[in-house]
Amino acid sequence: MAAELPVLAGHGLTMWGYVVLLALDEHPLRTQPALAETIGADKTRIIGVLDDLQDRGLISFLAGLIALSALSVEDVTGRPSDSD
């Protein structure tokens, strides 16, 4: 985890933000409860993370689902995602 912190900080991401992006990269459309369960977080805990990612244009909410925006995890962090 320590190796990722400078990369994340360079892109203004928290570890939770990165975890959310990775989960959405693996399964692009999720409900908030399903996403929270997948990443092991309380669904209310990630509201701020989701709001930040949406404000930055990295995710979108579509009919109750959360989706990655056009950018990939690699576009945001400069590192390939695990699903590649």
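Structure's up top.
Residues numbered from 1 in each chain as written. Predicted model: local features only at pLDDT ≥ 70, side-chain atom pairs only at ≥ 80, totals over all residues. Heavy atoms only, no water.

A. How the structure looks around the nonpolar core. Counting 19 residues, the largest nonpolar core has Val-20, Leu-35, Ile-39, Ile-46, Leu-50, Leu-53 and Ile-59 as the members making the most contacts within it. Those elements that provide at least two residues to this core are α2 (15-26), α3 (32-39) and α4 (47-55). The element that contributes the greatest number of residues to this core is α2, accounting for six residues. Once residues within four sequence positions are removed from consideration, Ile-39 is found in contact with Trp-16, Val-19, Val-20, Ala-23 and Ile-46. (Core = buried A, V, L, I, M, F, W, Y, C linked by side-chain atoms within 4.5 Å. Buried < 20%, exposed > 50% of the residue type's maximum accessible area, 1.4 Å probe, protein only. Helix = DSSP H or I, 4+ residues; strand = E, 2+ residues; numbered from the N terminus. Contact = heavy atoms within 4.5 Å.)

B. Expanded view of the pattern of salt bridges. Within the structure shown, the criterion is met by one salt bridge. We note a salt bridge from Arg-56 to Asp-52, for which the minimum N-O separation is 3.8 Å. (Salt bridge = Lys/Arg side-chain N within 4 Å of Asp/Glu carboxyl O.)

C. Focus on the environment of Ala-67. Residue placement: Ala-67 occurs in strand β3 (residues 65-68). Between the C-alpha atoms of Ala-67 and Asp-25, which are 42 residues apart in sequence, the distance is 8.7 Å. Contact partners of Ala-67, with chain neighbours within four places excluded, come to Leu-24, Pro-28, Leu-29, Leu-58, Ile-59, Ser-60 and Leu-62.

D. Structural context of α4. Among the residues making up α4, those that are buried are Val-49, Leu-50 and Leu-53. Along the long axis of α4, the arc covered by the buried residues comes to 95 degrees, so they all point the same way. Buried positions along α4 lie against α2, α3, β2 (59-62) and β3. In the stretch just after α4, Gly-57 is the one whose phi turns positive, near 80 degrees. (Arc of directions from axis to C-beta.)

E. A look at the environment of Trp-16. By the secondary structure assignment, Trp-16 is in helix α2. Its relative accessible area of 30% is what places Trp-16 among the partly exposed residues. Considering only alpha carbons, one finds Trp-16 and Ala-41, 25 residues apart in sequence, at a separation of 9.1 Å. Setting aside anything within four residues of it in sequence, one finds Trp-16 in contact with Ile-39, Gly-40, Ala-41, Arg-45 and Val-49.

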